[in-house]
Structures are given as C-alpha cells and as structure tokens.
Amino acid sequence: QVQLVESGGGLVQAGGSLRLSCTASGRTFSSYAMGWFRQAPGKEREFVAAINWSGGITYYADSVKGRFTISRDNAKNTVYLQMNSLKPEDTAVYYCAAGRRSWYMGPDSLSDYWGQGTQVTVSS
C-alpha cells in the first residue's frame with residue numbers, strides 16, 4: 001500500500017511561483033510512475049503532469065507546458081511540481097497520483113493511489 005501526502009499549496013499572485021511536494025510511503029515508490037492532477041470548482045479533474053519511474057521522461061498538459069516542471073527524488077520518496085508564471089486559471093485543488101506501472105501510459109495509468117489534495121489559489 002502506498003500513501004501520498006501533498007504539501008506546498010497556498011495563495012499566490014498571478015505571475016508568481018509555487019512548488020508542490022508529494023511524499024510517498026512504501027518501498028516501491030521508486031518503481032512507480034507518478035503524476036499531478038487538478039480540479040477546479042465545478043470542473044472535472046484534469047491531468048497536469050507525469051513522470052516515469054526514473055525521472056527520465058516527463059509529460060505535460062498543453063495548458064501548463066513551459067510553465068510547470070515535474071521532477072522526483074527517489075531517495076526521498078518525493079515528487080515535485082514546480083509551477084511558474086501562475087495564472088488565475090491555475091486555481092484548483094492539486095492531487096498527487098501514482099500508478100503501479102513504471103511507465104506513464106496515459107492518465108488512467110496513474111489511478112492506483114491518490115493524495116488528499118492541496119489547494120492552490122492564484123489571485124489576479
């Protein structure tokens with residue numbers, strides 16, 4: 001069983017930056033693909049970014065490409081989401097997710113484990 005705990009959310013002005021962290025319990029973290037999703041009020045949860053088990057391959061939604069960077073430190077069982085040039089439309093609850101496969105195979109491949117979410121609010 002893997003438990004995911006997010007941190008780093010908060011309130012930031014448009015154009016600012018935040019870094020989210022997701023720390024996982026369990027010995028198998030380093031073999032799992034990881035990702036971030038977000039859900040804005042009244043909207044469905046959407047894919048944001050993903051990273052394979054080694055950190056060598058990353059994937060991004062078009063809406064965040066060039067502004068967000070996903071990374072991981074397997075020694076610390078932690079995956080990060082660096083968010084720069086934030087926009088009000090980035091406001092959402094951000095969720096960390098993990099999949100038992102080592103390689104990202106689409107958003108559904110990250111549905112095995114979920115964190116509780118962390119709120120990100122970007123003011124205009």
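Residues numbered from 1 in each chain as written. Predicted model: local features only at pLDDT ≥ 70, side-chain atom pairs only at ≥ 80, totals over all residues. Heavy atoms only, no water.

**Structural notes on the pattern of salt bridges**
Here comes step 1: Considering all chains together, one arrives at five salt bridges under this definition.
Here comes step 2: The network of salt bridges with shared partners includes Arg38, Glu46, Arg67 and Asp90. (Salt bridge = Lys/Arg side-chain N within 4 Å of Asp/Glu carboxyl O.)

**Side note on the pairing of strand 1 (residues 4-7)**
Regular strands show a simple pattern: their side chains alternate between the two faces of the sheet.
Here comes step 1: Burial along strand 1 is one-sided: the face carrying Leu4 and Glu6 is buried and the face carrying Val5 and Ser7 is not.
Here comes step 2: Bridge count for strand 1 against strand 3 (residues 18-24) is four bridges, and the pairing is antiparallel. In the sheet register, Val5 faces strand 3, and the bridge partner there is Thr23. (Buried < 20%, exposed > 50% of the residue type's maximum accessible area, 1.4 Å probe, protein only. Helix = DSSP H or I, 4+ residues; strand = E, 2+ residues; numbered from the N terminus. Pairing = 2+ DSSP bridges.)

**Points about unusual backbone geometry**
Here comes step 1: Of note in this structure, Asn77 is not a glycine but carries a positive phi near 55°.
Here comes step 2: With respect to the helices and strands, Asn77 occurs in the loop between strand 7 (68-73) and strand 8 (78-83).
Here comes step 3: Its identity is not glycine, yet Ser85 carries a phi of approximately 50°, on the positive side.
Here comes step 4: Among the structural elements, Ser85 can be located in the loop between strand 8 and strand 9 (92-99).
Here comes step 5: Given the relative accessible area of 42%, Ser85 is considered partly exposed.

**Overview of the nonpolar core**
Here comes step 1: Grouped together as the largest cluster of nonpolar side chains are 37 residues, with contacts concentrated most on Leu4, Met34, Trp36, Leu81, Met83 and Tyr94.
Here comes step 2: Sorting the residues of this core by element identifies strand 3, strand 4 (33-39), strand 5 (46-51), strand 7, strand 8, strand 9 and strand 11 (118-123) as the ones contributing at least two each.
Here comes step 3: When residues no more than four places from it in sequence are discounted, the contact partners of Leu81 are Leu18, Arg19, Leu20, Trp36, Val48, Ala49, Phe68, Thr69, Ile70 and Tyr94. (Core = buried A, V, L, I, M, F, W, Y, C linked by side-chain atoms within 4.5 Å. Contact = heavy atoms within 4.5 Å.)

Geometry only, nothing functional implied.
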